[in-house]
Amino acid sequence: MFRKNTKGIFIELSDFSLLTAVTTSLNSPFTIESLNEVSSSEEAENVRDFVEGLSEGKARGLFHGHCSVYPTSRFVRRTALDSVSKSRDEGFFANMLTSQFRIDPEQHTSEVLHATNGAHFDPETATPSQKEILLCGAAAQELMEFQAQIVEYGIYPASLQLGTIANLGGLMHYSRWKKLRFPTLVLEITPKNSFIFIFNNNMMDVCRPIPYGLDSMFPVIQAELGLKDEDSARKLFYSNTFDFTEMGPSLLRKLLKELQASTGFYEVQTGQTIGQLYLALLPKNLSWIQVSLSRSLGVDALILDYPGWLKSLDITPGENVQLETLDSRWLGLFECHSDKAHFDA
């Protein structure tokens with residue numbers, strides 16, 4: 001049973017939080033009525049109560065919502081086709097996933113996108129020059145689990161999208177709107193894995209998975225602070241009681257090495273210098289990570305002009321919505337209604 005109203009809800013569900021936007025419609029132009037956040041560690045019943053409280057009135061039922069998620073199994077791979085015409089062969093992309101990227105197409109839901117704008121790649125209409133593509137997706141079972149979890153929260157997914165793609169789509173649109181002169185370095189960190197991306201205004205140039213994330217820091221914290229176990233290190237890491245800024249270089253050594261390798265190779269190959277750094281997902285109590293990486297790389301963090309950018313998207317803030325106070329985590333939420341890479345499980 002669905003709610004009998006015309007309002008929309010946008011959600012982004014990550015390992016850290018559930019971000020929500022209640023709007024006057026599911027499609028722009030619309031007005032943002034409220035922005036809210038709840039920890040992803042909350043019990044499902046509490047989250048459903050939270051969702052129920054986002055709308056006025058006492059009507060029960062499911063919200064229709066655009067949703068983005070971050071499965072641990074998610075993948076984004078960039079490649080170039082030898083021939084667009086060959087991509088029309090039956091099973092071409094399934095074979096590519098298996099042979100080039102060791103991803104089982106039977107177990108994963110996938111999509112093929114243009115590397116230039118993130119739009120769906122259609123071999124029948126693609127021109128011979130449109131050879132740069134992105135293969136993205138996630139394990140079908142994990143997507144189904146996310147969908148079930150979202151329904152349990154009281155939301156019916158009108159669309160289910162990879163948060164990684166929503167973020168990248170938003171960033172690329174923002175960079176064109178802002179007329180950024182130099183390429184952007186993007187780092188997406190979750191507990192189990194991470195991704196490095198580099199793009200300029202018109203092309204996604206680098207997509208690199210990294211097989212470790214925040215969890216890899218806990219043994220270092222345990223050793224340096226003399227804690228009894230990694231669980232103690234984890235609790236301290238996510239608390240607001242300890243400033244890890246001074247420990248940043250040692251905790252981020254592995255990530256920094258990967259970033260320096262990727263940016264160094266990119267700059268040598270293209271002759272372009274990285275202009276700005278963007279970190280996705282991380283909550284405010286982990287903002288020291290961006291500060292430390294920015295200092296080590298000598299690259300300024302990207303500061304988003306939400307008011308100007310959202311105006312260009314025909315999105316208007318309501319009276320009680322303060323866009324100026326939003327951090328970078330919210331960018332993907334405003335792009336998850338786009339037509340790029342939806343995965344309906």
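Preceding block: the structure.
Residues numbered from 1 in each chain as written. Predicted model: local features only at pLDDT ≥ 70, side-chain atom pairs only at ≥ 80, totals over all residues. Heavy atoms only, no water.

**Quick notes on the environment of Tyr-153**
Part 1: Its location among the elements puts Tyr-153 in the loop between helix 3 (140-152) and strand 8 (155-162).
Part 2: When the C-alpha positions of Tyr-153 and Phe-242 are compared, they lie 32 Å apart, and in sequence the two are 89 residues distant. (Helix = DSSP H or I, 4+ residues; strand = E, 2+ residues; numbered from the N terminus.)

**Remarks on the sheet that holds strand 3 (residues 30-39)**
Part 1: In space, the six strands of this open sheet follow the order 8-4-1-2-3-13, with mixed pairing throughout. Looking at which strands have only one partner, the edges of the open sheet turn out to be strand 8 and strand 13 (315-317). Going from strand to strand, the sheet's axes swing by 30° on average, the running direction of each strand aside.
Part 2: Examined bridge by bridge, strand 1 (residues 8-13) and strand 2 (residues 17-23) share six bridges and lie antiparallel to one another. (Pairing = 2+ DSSP bridges. Axes fitted to C-alpha atoms, helices over the stretch in contact; angles between N-to-C directions.)

**Focus: the packing of helix 5 (residues 218-225) against helix 6 (residues 230-238)**
Part 1: The interhelical angle for the contact between helix 5 and helix 6, taken along N-to-C directions, is 100°, at an axis separation of 8 Å. Judged by the inter-axis angle, helix 5 sits roughly perpendicular to helix 6. Contact with helix 5, carried on its side by Phe-218, Pro-219, Ile-221, Gln-222 and Leu-225, involves Glu-230, Ala-233, Arg-234, Leu-236, Phe-237 and Tyr-238 of helix 6 and no other residues of that element.
Part 2: For the contact of helix 5 with helix 6, the residue count by class is eight nonpolar, one polar and two charged. (Parallel < 35°, antiparallel > 145°, perpendicular 65-115°, else oblique. Contact = heavy atoms within 4.5 Å. Nonpolar A, V, L, I, M, F, W, Y, C, P; charged D, E, K, R; others polar.)

**Structural notes on the side chain of Thr-184**
Part 1: As for its placement among the helices and strands, Thr-184 is situated in strand 9 (residues 184-189).
Part 2: Here Gln-276 takes part through its side chain, which lies 2.8 Å from a polar atom of the side chain of Thr-184. (Polar contact = N/O pair within 3.5 Å; in protein donor to acceptor, adjacent residues only side chain to side chain.)

**A few points about the pairing of strand 12 (residues 276-280)**
Part 1: Summarising burial for strand 12: five of the five residues are buried, a large majority.
Part 2: By the alternation rule, side chains of strand 12 split into Gln-276, Tyr-278 and Ala-280 and Leu-277 and Leu-279, which are all buried.
Part 3: Bridge count between strand 9 and strand 12: five bridges; the pairing is parallel. Following the sheet pairing, Val-186 is matched in strand 12 by Tyr-278. (Buried < 20%, exposed > 50% of the residue type's maximum accessible area, 1.4 Å probe, protein only.)

**Comments concerning the sheet that holds strand 9**
Part 1: Strand order in the open sheet formed by four strands is 11-10-9-12, and the pairing between neighbours is mixed. Among the strands making up the open sheet, the edge pair consists of strand 11 (203-210) and strand 12. Each adjacent strand pair in this sheet contributes to an overall mean axis angle of 15°, direction not counted.
Part 2: As paired elements, strand 9 and strand 10 (residues 194-200) share six bridges and run antiparallel to each other. By the bridge assignment, Thr-184 is partnered in strand 10 with Phe-199.
Part 3: The strands that helix 4 (residues 163-178) touches are strand 9, strand 10, strand 11 and strand 12; relative to strand 10, the one it contacts most, it runs at about 25°.
Part 4: Contacts from helix 9 (residues 287-297) reach strand 9 and strand 12 within the one sheet, and its direction differs from that of strand 12 by about 155°.

**Describing the nonpolar core**
Part 1: If you look at the biggest cluster of nonpolar residues, it comprises 96 residues, and the most contacted ones within it are Leu-214, Met-217, Phe-237, Trp-288, Ile-289, Leu-293 and Tyr-306.
Part 2: If we skip the residues at most four places from it in the chain, Tyr-306 touches Leu-323, Leu-326, Asp-327, Ser-328, Arg-329, Trp-330, Leu-331 and Phe-334.
Part 3: Core analysis: the second largest hydrophobic core is formed by 13 residues, Leu-81, Val-84, Leu-97 and Val-112 among them. (Core = buried A, V, L, I, M, F, W, Y, C linked by side-chain atoms within 4.5 Å.)

**Examining the pattern of salt bridges**
Part 1: Following the criterion strictly, the structure yields nine salt bridges and no others.
Part 2: For Glu-37, the salt bridge is made with Arg-329, and the minimal N-O distance between the two is 2.8 Å. Pair noted here: Glu-37 is in strand 3 and Arg-329 is in the segment after strand 13, with a separation of 292 residues, a long-range link.
Part 3: Here Glu-37 falls in the partly exposed class, since its relative accessible area comes to 39%.
Part 4: With a closest N to O distance of 3.5 Å, Asp-305 and Lys-178 form a salt bridge. Placement of Asp-305 in the loop between helix 9 and helix 10 (306-312) and of Lys-178 in helix 4 is noted, with a sequence separation of 127 residues between them.
Part 5: Each member of the salt-bridge network shares a partner with another, and the members are Glu-37, Asp-327 and Arg-329. (Salt bridge = Lys/Arg side-chain N within 4 Å of Asp/Glu carboxyl O.)

**Topic: the packing of aromatic side chains**
Part 1: Enumeration according to the criterion identifies 13 aromatic pairs in this entry.
Part 2: With centroids separated by 5.4 Å and ring planes inclined at 40°, the aromatic side chains of Phe-10 and Phe-30 adopt a geometry described as tilted. Remark: Phe-30 occurs in strand 3 and Phe-10 occurs in strand 1; sequence separation between them is 20 residues.
Part 3: Among the residues examined, Phe-10 registers a relative accessible area of 2% and is labelled buried.
Part 4: Judged by centre distance (5.1 Å) and plane angle (85°), the rings of Phe-92 and Phe-93 are edge-to-face.
Part 5: Taking the relative accessible area as the measure of exposure, Phe-92 reaches 22% and is therefore partly exposed.
Part 6: Residue classification places Phe-93 among the buried positions, given a relative accessible area of 16%.
Part 7: If you follow Lys-254 out to its NZ or CZ, it ends over the ring of Tyr-212, 4.2 Å from the centre. (Phe/Tyr/Trp six-rings, centres within 6.5 Å; stacked < 30°, edge-to-face > 60°. Lys NZ or Arg CZ within 6 Å of the ring centre and 35° of its normal.)

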